[in-house]
Amino acid sequence: MRTSRIWRGRRVTHGESTVNVENVRLQEYSWPFWPIFPLYPYGQRRTIRREVIKDTIWTFDQMQGVFYVVVPIRMTVVKLETGGLLVYAPVAPTRECIRLMQDLVAEYGDVKYIILPTISGLEHKVFVGPFARYFPSAQVFVAPQQWSFPVNLPLSWLGLPGKRTQVLPTDSSQAPFADEFDYAILGPIDLGPGRFAEVAFLHRRSHTLLVTDTIVSVPADPPAIVQIDPYPLLYHAKDRAYDIVADTQVNRRKGWQRITLFAFYFRPSVVDVPTWKDIFRDAQKAPERSRKAYFGFFPFKWQQQWQRSFEVLRGDGRIFVAPVLQSLILNRAPQETINWANQVAKWDFQWIIPCHFDAPIKAKPQEFRQAFSFLEKYPTGGLINSYSYPLPAEDFQVLRDIDEGLNKFGIVPPAKEKV
């Protein structure tokens, strides 16, 4: 005899429950448009909602990466004093994500504003149009001078709703949410084939700064969203292709710290690449040689002092500018970037919520400003402290090689002198 039960409004029998429940689960996390920007975990994206400031600010974390170098990508939702919600940098609108959003809408009012705070970050831009379709009364505001590659297309062709999408005014006092927010626009910075820009938002009432990519802070332990599926963490916790890594918190932390080094430096100085002969030989010994395990290939050999490199990068949770922005983007416009950082540092904030890595971060405006001292010949105040000390030069080698190659072929303009 088969009994039945209800699963989210659908009656299923025990004989078929495993299949049906699995289908429901997959539908909850499904992101069918992943081929547009094919990053892991591809068509399945989990979402974690966290209340950062009670009844005021919530973060929605998802996960994405390449070659199991997985990091959080984050949307921030702010309750407006006049009722309704503002959404900064939408993430993939899966059923789970929208259900979590609708819970907030039911309690605090509809989404009034959706903000795209970047012009170059496809990992943020690709979600705005699909997300906006779930909230047809929301106004969409985008950073100025949006562009697309290889052809510069109208925003409506990129999926943004044409009739309710507009560019953020240069003067933040002209925005319809000016009573509650200030914002400052960095850029656009000319990068040859494209441009870089970012819009930092200040929510005055909560003293919270919202940024996209410029500022980050690294947690010692892997974020919750990354731990839902620990496979990438355990993959990078291996020392050799044929290691069998137990799922322990120590190994998850080890994998996370190595992932962080890859994410920031591409190839940190503390990792060597074995010869192809050794890579193939070790792959044959791997206990798992499935497609998921990259057929046993593990082309990394970590040096003994690798953890020290992570500790220097993290710096006890300090805020800093990601190395790729330091080496390839912001150094193309050092004075403009410093001017922007000075403007933001005049605001009264106590918390920073970036779109990646740790959040919220307890930080002062002075600490924010000092994070950009890498652009100065003589750092502000003449001091090098825990927030402004430079990252190890040897870890920037791959980024320097990329920079030299781009300059050699005239693909991007050269870096400018420090100010």
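This structure is a prediction, so every number in the text was calculated from the model and none was measured.

Criteria and cut-off values
- Residues numbered from 1 in each chain as written.
- Predicted model: local features only at pLDDT ≥ 70, side-chain atom pairs only at ≥ 80, totals over all residues.
- Heavy atoms only, no water.
- Helix = DSSP H or I, 4+ residues; strand = E, 2+ residues; numbered from the N terminus.
- Contact = heavy atoms within 4.5 Å.
- Areas by Shrake-Rupley, 256 points an atom, 1.4 Å probe, with all protein chains shown as cover.
- Lys, Arg positive; Asp, Glu negative; His and termini not counted.
- Charge placed at Lys NZ, Arg CZ, Asp CG, Glu CD.
- Pairing = 2+ DSSP bridges.
- Axes fitted to C-alpha atoms, helices over the stretch in contact; angles between N-to-C directions.
- Parallel < 35°, antiparallel > 145°, perpendicular 65-115°, else oblique.
- Left-handed = near helix turned anticlockwise from the far one by under 90°.
- Nonpolar A, V, L, I, M, F, W, Y, C, P; charged D, E, K, R; others polar.
- Core = buried A, V, L, I, M, F, W, Y, C linked by side-chain atoms within 4.5 Å.
- Buried < 20%, exposed > 50% of the residue type's maximum accessible area, 1.4 Å probe, protein only.
- pLDDT = per-residue confidence, 0-100.
- Phe/Tyr/Trp six-rings, centres within 6.5 Å; stacked < 30°, edge-to-face > 60°.
- Polar contact = N/O pair within 3.5 Å; in protein donor to acceptor, adjacent residues only side chain to side chain.
- Arc of directions from axis to C-beta.

Asker: Residues and numbers for the overall build of the protein chain, please.
Answerer: Within the protein chain one finds 12 helices and 18 strands. Long-range contacts, defined as pairs at least 24 residues apart, comprise 68% of the intrachain contacts of the protein chain with a sequence gap of at least 6. Accessible surface computed for the protein chain: about 19500 Å², of which carbon and sulfur atoms make up 54%. Measuring between centres, the 50 positive side-chain charges of the protein chain sit 5 Å from its 41 negative side-chain charges.

Asker: Please give an account of the sheet that holds strand E18 (residues 361–362) that cites residues and values.
Answerer: In space, the 5 strands of this open sheet follow the order E10-E11-E12-E17-E18, with mixed pairing throughout. Every interior strand has two partners, whereas the edge strands, strand E10 (181–190) and E18, have only one. Bridge analysis of E10 against strand E11 (residues 195–203) gives 8 bridges, and the strand direction is antiparallel. Among the inter-strand pairings, Leu186 is bridged to a residue of E11, identified as Glu198. Strands E10, E11 and strand E12 (208–210) of the sheet are contacted by helix H10 (residues 334–345), whose axis makes an angle of about 175° with E10.

Asker: Help me get a handle on the packing of helix H6 (residues 249–265) against helix H8 (residues 306–314), residues and values and all.
Answerer: Packing of H6 against H8 leaves a shortest axis separation of 10 Å and a crossing angle of 65°. Compared by their axis directions, H6 and H8 come out roughly perpendicular. Handedness of the crossing formed by H6 with H8: left-handed. Across the interface between the two elements, Lys254, Gln257, Arg258, Thr260, Leu261, Phe264 and Tyr265 of H6 pack against Trp306, Gln307, Ser309, Phe310 and Leu313 of H8. Its residues assigned to classes, the contact of H6 with H8 comprises 6 nonpolar, 4 polar and 2 charged.

Asker: Report on the nonpolar core, specifying residues and quantitative values.
Answerer: Core analysis: the biggest nonpolar cluster contains 66 residues, and Leu209, Ile215, Leu330, Val344, Ile352, Phe368 and Phe372 have the highest contact counts within it. Ile114, Leu116, Phe131 and Leu160 belong to the second largest nonpolar core, which has 30 residues in total.

Asker: An account of the sheet that holds strand E9 (residues 165–167) is requested, with residue identities and associated values reported.
Answerer: Spatially, the 7 strands line up as an open sheet ordered E3-E4-E5-E6-E7-E8-E9, and their pairing is mixed. The open sheet has two free edges, formed respectively by strand E3 (48–53) and E9, since each of these has just one partner strand. Shown here is a sheet whose adjacent strand axes are inclined to one another by a mean of 25°, direction ignored. Pairing between strand E6 (residues 85–88) and strand E7 (residues 111–116): 4 bridges, direction parallel. Opposite Tyr88, over in E7, you have Ile115 as the bridge partner. In this fold helix H2 (residues 95–108) packs onto E3, strand E4 (57–66), strand E5 (69–79), E6 and E7, with an angle of close to 170° to the strand it touches most, E4. Where helix H3 (residues 122–133) meets the sheet, it contacts E4, E5, E6, E7 and strand E8 (139–142), and its direction lies at approximately 155° from that of E7.

Asker: Explain the confidence of the model for the protein chain to me, and be specific about the residues and the numbers.
Answerer: Model confidence for the protein chain is summarised by a mean pLDDT of 89, while 90% of its residues fall at 70 or above. Within the model, the stretch residues 1–14 combines pLDDT values under 50 with 23 contacts to residues more than four positions away or in other chains.

Asker: How would you summarise the packing of aromatic side chains if you had to cite specific residues and measurements?
Answerer: A full pass over the atoms with the stated rule returns 38 aromatic pairs. Pairing Tyr40 with Tyr42 gives two aromatic rings, centres 5.8 Å apart and planes at 85°, and the pair type is edge-to-face. Taking the relative accessible area as the measure of exposure, Tyr40 reaches 11% and is therefore buried. On the accessibility criterion, Tyr42 (36% relative accessible area) is partly exposed.

Asker: How would you sum up the environment of Asp243? Please name residues and give values.
Answerer: If you trace the backbone, Asp243 turns up in the loop between helix H5 (231–236) and H6. It is 7.2 Å that separates the C-alpha atoms of Asp243 and Ala286, two residues lying 43 residues apart in sequence. Among residues more than four places away in sequence, those in contact with Asp243 are Lys238 and Pro287. A distance of 3.0 Å separates the side chain of Asp243 from the backbone nitrogen of Asp239, its partner in a polar contact.

Asker: Explain unusual backbone geometry to me, and be specific about the residues and the numbers.
Answerer: Here Tyr40 and Pro41 are connected by a cis peptide whose omega angle stands at 10°. Mapped onto the elements of the fold, Pro41 is located in the loop between helix H1 (14–29) and E3. Of note, the bond from Gly187 into Pro188 is cis; its omega dihedral lies within 30 degrees of zero at 10°. As for its position among the elements, Pro188 is in strand E10.

Asker: Before we move on, can you summarise helix H7 (residues 276–285) with the specific residues and values?
Answerer: Residues separated by three or four positions in an α-helix point in the same direction, a consequence of the helix having 3.6 residues per turn. Considered for burial, the residues of H7 that qualify are Ile279, Asp282 and Ala283. Viewed end-on, H7 has its buried residues packed into an arc of 105°, placing them on one side of the element. Turned more than 90 degrees away from the buried face of H7 sit Lys277 and Gln284, all of them exposed.

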